[in-house]
Amino acid sequence: MKLDVAILGGGIAGNLLARQLRPAEAGLRIGVFERASERSYKVGESSVEIAAAYLVRRLGLGRYLYEEHLPKNGLRYFFDTPECDAEIPDMSEMGSVALPFHAAFQIDRARLEGDLLRMNAESGVEIHTGARVGNVRLGEGGEPHRFKAQQGGVKRDVEARWLVDATGRTSLVAQKRDLRVPEPSHFMVSAWGRFEGVADIDDLGPAEWRARVRYTARGLSTVHFCYPGYWVWFIPLRNGITSVGVTGGRDRLEPTLRRHGSLRAFLEKHRGIAAMLSRAKQVVEGRYGQIAYATKQWFSMDRFALVGEAAASQDPLYSPGIDMISIANDVVTDLVQRDLGGEAQESLALRLGLQDAFMRFRNEAVMRLYRGLYGVLGSFELMRLKWELDLPSYYNLWVTPVLLGRHLETAFLREQLRLQPMLLQALDNFSGLLRAAEA
């Protein structure tokens, strides 16, 4: 089997890339190789503005998302007492008081991935589910990549000009090339479940409770309950399912959440959260022992790329995951088009080097929003200050350039990399101020 682009992994990153590549270059032969035969619940359901713009503008999924998933009413934060005994309407609250200007969505990952596999197959992408990939030999110096794909007892040799690793935490290419960079200090664990019958948060207070946010539906927000060192999320999905989980410091949470079945007992120690779950039924549970890591390289002149969690994973507090997928997929699509369009190798190498450095900078900037700052989560006053820095920074530094398409321009990339030391230092300075205020 000979392909122009082989995508290893049929999760959200690989499927979105296949959808983007298919119309980008006429006649492009794309293959997606996914180990699983059925889709399952996954975390990472909350999208923010860069991701939503990518899904709607680049991929034309706007109507589909409104019909098959849920619109999102922004991020929302609640702050409990130190004893975790406040009723939700008595908690301090940060969140939107109007419908968002820019669309965002709460995504059922299993549904989206299954639908994308079907859409991509209908558009001419070669979809191989239940396919085990092995014997991967990365081509060098212009040579094609080669691997074996076993599906239904049949082994096939595959050859591809471009190979994209979208295998998630398996990180097949990162393992072969020793690209994984462990997170140096931000040791976070996460446990989550899917629940049926979670209470509508807007029904848990008097009439004034709804009026407080001008009748904006809180239940469609990504709801966070914040505590010193950890936070709990509620993300609504279609058909009465709610994603509920907790993320926090390994030393704080791991002993409590190590056993399967321990999540609900932990959640119900919080009075307000227990009220949300009073009539709920848990249907699934999962966990990560360490969330964050990075990569030495996102894109290579040997025509391979890493996207999604095959490359890096960040802290989920501000939902950056699909943002990073969106930007990386834009870059891969641009590089493939330029390569197949005959762009000179010197020009392509310059562009690729800038993009690779920018993605590493972007990942590091995101992580500096979190390192050493989980203690601040317990304070409404400090989180309000942090939010008033982080939110405008996100829109001005990241959203606006992406909406304008500048993240694919070499002049913009050079300017960003020139500013990189100053921007990272500024993030460090604010982080230090917040830690001092916490102390």
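That block above? That's the structure.
K.L.:
Before we move on, can you summarise the side chain of Asp-334 with the specific residues and values?
P.N.:
Within the element layout of this structure, Asp-334 appears in helix 10 (residues 321-340). When sequence neighbours within four positions are dropped, the list of residues in contact with Asp-334 reads Arg-351 and Leu-408.

K.L.:
Lay out a nonpolar patch on the surface in plain terms, naming residues and giving numbers.
P.N.:
Taken together, the side chains of Tyr-41, Val-283 and Val-284 make up a nonpolar region of the molecular surface, amounting to roughly 220 Å² of accessible area. The exposure class of Val-284 is partly exposed, given its relative accessible area of 32%.

K.L.:
Summarise the packing of aromatic side chains; cite the residues concerned and give the values.
P.N.:
Counted by the stated rule, this structure contains 18 aromatic pairs. Measuring from centroid to centroid gives 5.0 Å for Tyr-227 and Tyr-230, while their planes differ by 15 degrees, and the two rings are stacked. By relative accessible area, which is 3% here, Tyr-227 ends up buried. A relative accessible area of 5% places Tyr-230 in the buried class. Three or more aromatic residues joined by ring pairs form one cluster here, namely Tyr-77, Tyr-318, Tyr-370 and Trp-387. Sitting over the face of the ring of Trp-209, Arg-218 holds its NZ or CZ atom 3.4 Å from the ring centroid. Seen from the ring of Trp-398, Arg-362 lies directly overhead, with NZ or CZ sitting 4.2 Å from the centre.

K.L.:
Please set out the nonpolar core residue by residue, giving values where relevant.
P.N.:
Grouped together as the largest cluster of nonpolar side chains are 112 residues, with contacts concentrated most on Ile-7, Phe-33 and Phe-299. What Ile-7 contacts, discounting residues up to four positions off in sequence, is Gly-14, Leu-17, Ala-18, Leu-21, Ile-30, Gly-31, Val-32, Phe-33, Val-164 and Ala-166. If you look at the next biggest cluster of nonpolar residues, it comprises 28 residues, including Trp-209, Val-223, Leu-263 and Leu-267.

K.L.:
Please provide a residue-by-residue account of the pattern of salt bridges, values included.
P.N.:
Under the defined criterion, the tally for this structure stands at 36 salt bridges. A salt bridge links Glu-45 to Arg-194; the nearest nitrogen and oxygen atoms lie 2.7 Å apart. Pair noted here: Glu-45 is in the loop between strand 2 (30-34) and helix 2 (49-58) and Arg-194 is in strand 12 (residues 188-196), with a separation of 149 residues, a long-range link. Accessibility assignment for this pair places Glu-45 and Arg-194 in one class, buried. For Asp-330, the salt bridge goes to Arg-58, with nearest N and O atoms at 2.8 Å. Within this pair, whereas Asp-330 is found in helix 10, its partner Arg-58 is found in helix 2, the two being separated by 272 residues in sequence. The network of salt bridges with common partners includes Arg-76, Glu-93, Asp-202, Arg-212 and Arg-218.

K.L.:
Quick rundown of helix 13 (residues 410-438)? Include the residues and the values.
P.N.:
Each full turn of the α-helix corresponds to 3.6 residues, which orients residues three or four apart in the same direction. Compared with the 42 Å implied by 1.5 Å per residue over 29 residues, the 40 Å span of helix 13 between its first and last C-alpha is a close match. The largest bend along helix 13 measures about 50 degrees and falls at Gln-420, with the proline Pro-421 one to four residues further on. Along helix 13, the positions that sit buried rather than exposed are Phe-412, Leu-413, Gln-416, Leu-419, Leu-423, Leu-424, Leu-427, Ser-431 and Leu-434. The inward-facing, buried residues of helix 13 abut helix 11 (345-367) and helix 12 (380-403).

K.L.:
I'd like a rundown of the environment of Ala-131, residues and numbers included.
P.N.:
Mapped onto the elements, Ala-131 comes out in strand 8 (residues 131-137). The buried category is assigned to Ala-131, whose relative accessible area is 3%. Along the chain, Ala-131 and Phe-79 lie 52 residues apart, while their C-alpha atoms are 46 Å from each other.

K.L.:
Account for unusual backbone geometry, with residues named and values stated.
P.N.:
For Arg-303, which is not glycine, the phi dihedral falls at a positive 65 degrees. Along the chain, Arg-303 falls in the loop between strand 18 (299-300) and strand 19 (304-306). The exposure class of Arg-303 is buried, given its relative accessible area of 11%. Residue Ser-319 is not a glycine yet carries a positive backbone phi of 55 degrees.

K.L.:
I'd like a rundown of the packing of helix 1 (residues 12-24) against helix 4 (residues 109-123), residues and numbers included.
P.N.:
When two helices pack together, you describe them by how their axes are tilted relative to each other and by the distance separating the axes. Helix 4 packs onto helix 1 with a crossing angle of 30 degrees between their chain directions and a minimal axis gap of 9 Å. As far as their axial angle goes, helix 4 and helix 1 are roughly parallel. Like other packed secondary-structure pairs, helix 1 and helix 4 cross with a definite hand, here left-handed. Contacts from Ile-12, Asn-15, Leu-16, Ala-18, Arg-19 and Arg-22 in helix 1 reach Arg-109, Leu-112, Glu-113, Leu-116, Leu-117, Met-119, Asn-120 and Ser-123 in helix 4. Counted by class, the contact of helix 1 with helix 4 contains seven nonpolar, three polar and four charged residues.

K.L.:
Which residues make up the pairing of strand 2, and what are the values?
P.N.:
Regular strands place their side chains on alternate faces of the sheet. Most of strand 2 is tucked away, with five of its five residues classed as buried. A two-sided burial pattern is seen for strand 2, the buried positions comprising Ile-30, Val-32 and Glu-34 on one face and Gly-31 and Phe-33 on the other. Sheet topology note: the strand 1 (residues 2-8)/strand 2 ladder contains four bridges and is parallel. In the sheet register, Ala-6 faces strand 2, and the bridge partner there is Gly-31. Here strand 2 runs beside strand 7 (residues 126-129); their pairing, made up of four bridges, is parallel. Of the residues in strand 7, the one forming a bridge with Gly-31 is Glu-126.

K.L.:
Report on the pairing of strand 9 (residues 145-151), specifying residues and quantitative values.
P.N.:
Pairing of strand 8 with strand 9 involves five bridges; the strand directions are antiparallel. Across the sheet, residue Gly-134 finds its bridge partner in strand 9, namely Lys-148. Of the pairings in the sheet, the one linking strand 9 to strand 10 (residues 154-165) comprises seven bridges and is antiparallel in character. Its bridge partner being in strand 10, Phe-147 is matched across the sheet by Val-158.

K.L.:
Lay out helix 12 in plain terms, naming residues and giving numbers.
P.N.:
Remark: the principal bend of helix 12, roughly 30 degrees, maps to Tyr-395. For helix 12, the elements touching its buried residues are helix 2, strand 4 (75-79), strand 5 (92-94), helix 10, helix 11 and helix 13. One side-chain oxygen of the residue at the start of helix 12 lies 3.3 Å from the amide nitrogen of Glu-381, identifying that residue as Ser-379. Downstream of helix 12 by a residue or two, Gly-405 has a phi angle that is positive, lying close to 75 degrees.

Here is what the cut-offs are and how they apply
- Residues numbered from 1 in each chain as written.
- Predicted model: local features only at pLDDT ≥ 70, side-chain atom pairs only at ≥ 80, totals over all residues.
- Heavy atoms only, no water.
- Helix = DSSP H or I, 4+ residues; strand = E, 2+ residues; numbered from the N terminus.
- Contact = heavy atoms within 4.5 Å.
- Patch = residues over 30% accessible without salt bridge, like charges linked within 9 Å, V, L, I, M, F, W, Y side chains within 5 Å.
- Areas by Shrake-Rupley, 256 points an atom, 1.4 Å probe, with all protein chains shown as cover.
- Salt bridge = Lys/Arg side-chain N within 4 Å of Asp/Glu carboxyl O.
- Buried < 20%, exposed > 50% of the residue type's maximum accessible area, 1.4 Å probe, protein only.
- Phe/Tyr/Trp six-rings, centres within 6.5 Å; stacked < 30°, edge-to-face > 60°.
- Lys NZ or Arg CZ within 6 Å of the ring centre and 35° of its normal.
- Core = buried A, V, L, I, M, F, W, Y, C linked by side-chain atoms within 4.5 Å.
- Expected span 1.5 Å × (residues − 1).
- Bend = angle between axes of the 7 residues up to and from the residue.
- Axes fitted to C-alpha atoms, helices over the stretch in contact; angles between N-to-C directions.
- Parallel < 35°, antiparallel > 145°, perpendicular 65-115°, else oblique.
- Left-handed = near helix turned anticlockwise from the far one by under 90°.
- Nonpolar A, V, L, I, M, F, W, Y, C, P; charged D, E, K, R; others polar.
- Pairing = 2+ DSSP bridges.
- Polar contact = N/O pair within 3.5 Å; in protein donor to acceptor, adjacent residues only side chain to side chain.

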